[in-house]
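# Residue-level structure breakdown
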Amino acid sequence: MDNRESAEMYLETIYILSQKSDMVRKIDVSKYMGFAKPSVTRGISLLENDELVTVDDGGGIVLTKKGEAQAKRIYERHTVLTKMFVRLGVDEKIAAEDACRIEHYISDTTFNACKKHLKEYE
């Protein structure tokens, strides 16, 4: 996994968790991703350095505008690709796993074509 993919996975996780709870903490990210807390601490620190998240005094992780935009982009890719694969007959669990891998590398051009195609056939 490269740094970009790792950062995107953290952003997507923080985004998903923030939709379910008012406060997202490192322990929440750790549990959701199945990563050790020191790994999550390092990952969050890198996101802070890139101004994608802030961590408040209470340990709450908040996406910045820039971070939220990236998180929404990657989450949309994940959901659209998963839906497309399921429509093609792929088991939902496998579709989600494959979408998770592909979402980090697919070009905007190809993703937009997939999105358009899926929308036309819904």
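These notes cover the structure that comes with them. (Residues numbered from 1 in each chain as written. Predicted model: local features only at pLDDT ≥ 70, side-chain atom pairs only at ≥ 80, totals over all residues. Heavy atoms only, no water.)

## Notes on the packing of aromatic side chains
- Using the criterion set out here, one finds two aromatic pairs in the structure.
- Ring centres of Tyr10 and Phe35 lie 6.0 Å apart, and the angle between their planes is 75°; on these two criteria the pair is classed as edge-to-face. With Tyr10 in helix 1 (residues 3–20) and Phe35 in the loop between helix 2 (26–33) and helix 3 (37–49), this pair connects stretches of sequence that are 25 residues apart.
- Arranged with centres 5.5 Å apart and planes meeting at 55°, the rings of Tyr15 and Tyr75 form a pair that is tilted. On the criterion of sequence distance, the pair formed by Tyr15 in helix 1 and Tyr75 in helix 4 (residues 65–87) is long-range, its members being 60 residues apart. (Phe/Tyr/Trp six-rings, centres within 6.5 Å; stacked < 30°, edge-to-face > 60°. Helix = DSSP H or I, 4+ residues; strand = E, 2+ residues; numbered from the N terminus.)

## Details of the pattern of salt bridges
- Counting across every chain of the model gives seven salt bridges.
- Between Arg77 and Asp108 there is a salt bridge, and its shortest N-O distance comes to 2.3 Å. Of this pair, Arg77 sits in helix 4 while Asp108 sits in helix 6 (residues 108–120), and the two are 31 residues apart along the sequence.
- A relative accessible area of 47% places Asp108 in the partly exposed class. (Salt bridge = Lys/Arg side-chain N within 4 Å of Asp/Glu carboxyl O. Buried < 20%, exposed > 50% of the residue type's maximum accessible area, 1.4 Å probe, protein only.)

## Things to note about the packing of helix 4 against helix 6
- Running from amino to carboxyl end, helix 4 crosses helix 6 at an angle of 50°, the nearest separation of the two axes being 10 Å. As far as their axial angle goes, helix 6 and helix 4 are oblique. Where helix 4 crosses over helix 6, the two elements pack in a sense that is left-handed. Residues Arg73, Glu76, Arg77, Val80, Leu81, Lys83, Met84 and Arg87 of helix 4 lie in contact with helix 6, whose contacting residues are Asp108, Phe111, Cys114, Lys115 and Leu118.
- Looking at the contact of helix 4 with helix 6 residue by residue, the class counts come to six nonpolar, no polar and seven charged. (Axes fitted to C-alpha atoms, helices over the stretch in contact; angles between N-to-C directions. Parallel < 35°, antiparallel > 145°, perpendicular 65-115°, else oblique. Left-handed = near helix turned anticlockwise from the far one by under 90°. Contact = heavy atoms within 4.5 Å. Nonpolar A, V, L, I, M, F, W, Y, C, P; charged D, E, K, R; others polar.)

## A word on the side chain of Arg77
- By relative accessible area, which is 1% here, Arg77 ends up buried.
- With near-sequence residues (within four places) excluded, Arg77 lies in contact with Glu103, Ile106, Ser107, Asp108 and Phe111.

## Notes on unusual backbone geometry
- Within the chain, Glu51 stands out as a residue other than glycine whose phi angle is a positive 60°.
- Its place among the elements puts Glu51 in the loop between helix 3 and strand 1 (53–55).
- Its relative accessible area of 58% is what places Glu51 among the exposed residues.

## With respect to the side chain of Thr13
- Among the structural elements, Thr13 can be located in helix 1.
- A polar contact of 2.9 Å, which involves the side chain of Thr13, links it to the backbone oxygen of Met9.
- Setting aside chain neighbours within four positions, we find Thr13 in contact with Val29, Tyr32 and Met33. (Polar contact = N/O pair within 3.5 Å; in protein donor to acceptor, adjacent residues only side chain to side chain.)

Honestly, that's just the spatial picture; any functional story needs more than this.
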